[in-house]
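Chain by chain, the residues run as shown.
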Amino acid sequence: MRCPFCGNVDTQVKDSRPAEDHVSIRRRRFCPACGGRFTTYERVQLRDLVVVKSSGKREPFDRDKLERSIRIAMQKRPVEPERIEQMISGIVRRLESMGETDIASRVIGEIVMETLARIDTVAYVRFASVYKNFQAAGDFDKFVSELRPATASEE
Ligand SMILES: [Zn+2]
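Source: prediction; values computed, not measured.

Enquirer: How would you sum up the packing of helix α3 (residues 105-119) against helix α4 (residues 121-131)? Please name residues and give values.
Expert: Closest axis-to-axis distance for the α3/α4 pair is 7 Å, and the angle between their directions is 160°. What the angle tells us is that α3 and α4 run roughly antiparallel. Pair α3 / α4 crosses with left-handed handedness. On the side of α3, the interface is formed by S105, R106, G109, E110, V112, M113, L116, A117 and I119, while α4 contributes T121, A123, Y124, F127, A128 and Y131. A class-by-class count of the residues in the contact of α3 with α4 yields 10 nonpolar, three polar and two charged.

Given below as structure tokens:
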């Protein structure tokens, strides 16, 4: 694993242990060249997914990117970080078990919203409002109409 500080490829693993969610292994690494320390996570990846955008552009699926967008939506919400981590792992597992390597970005967005809707309505609305920028207006109207009963019962 290349050192993120100096680029040295010969780094050492100092410690390995399961992360809290038990679906990943956390490794503490040390770079003998610059003394830098960093952490890597090892996860089971059932297949290499490719995201197909609505423009037709393809790019490798990026779990970190998915995680960032979900964490932004979940900001300051009363949901345990562990629960968020489980949720992200659950989404990735669903994507991996769909049986296809190519997955439309729309499908990912829908799975994320479906999952958020079950966990936290506010996070769902936040994510959906960002997501709508990438979708036709008609699609978003559908999401909003699906959303209404849940928000009404909360307030
Ligand atoms: Zn280094």
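Enquirer: How would you summarise the sheet that holds strand β4 (residues 50-52) if you had to cite specific residues and measurements?
Expert: Strand pairing in a sheet relies on backbone hydrogen bonds. The paired strands run either parallel or antiparallel. One open sheet accounts for three strands, arranged β5-β4-β6; its pairing is mixed. With one partner strand each, in any of the chains shown, β5 (58-60) and β6 (102-104) form the two edges of the open sheet. Shown here is a sheet whose adjacent strand axes are inclined to one another by a mean of 35°, direction ignored. The pairing of β4 with β6 spans three bridges and is parallel. Paired with V52 across the bridge in β6 is A104.

Conventions and cut-offs
Residues numbered from 1 in each chain as written. Predicted model: local features only at pLDDT ≥ 70, side-chain atom pairs only at ≥ 80, totals over all residues. Heavy atoms only, no water. Axes fitted to C-alpha atoms, helices over the stretch in contact; angles between N-to-C directions. Helix = DSSP H or I, 4+ residues; strand = E, 2+ residues; numbered from the N terminus. Parallel < 35°, antiparallel > 145°, perpendicular 65-115°, else oblique. Left-handed = near helix turned anticlockwise from the far one by under 90°. Contact = heavy atoms within 4.5 Å. Nonpolar A, V, L, I, M, F, W, Y, C, P; charged D, E, K, R; others polar. Pairing = 2+ DSSP bridges.

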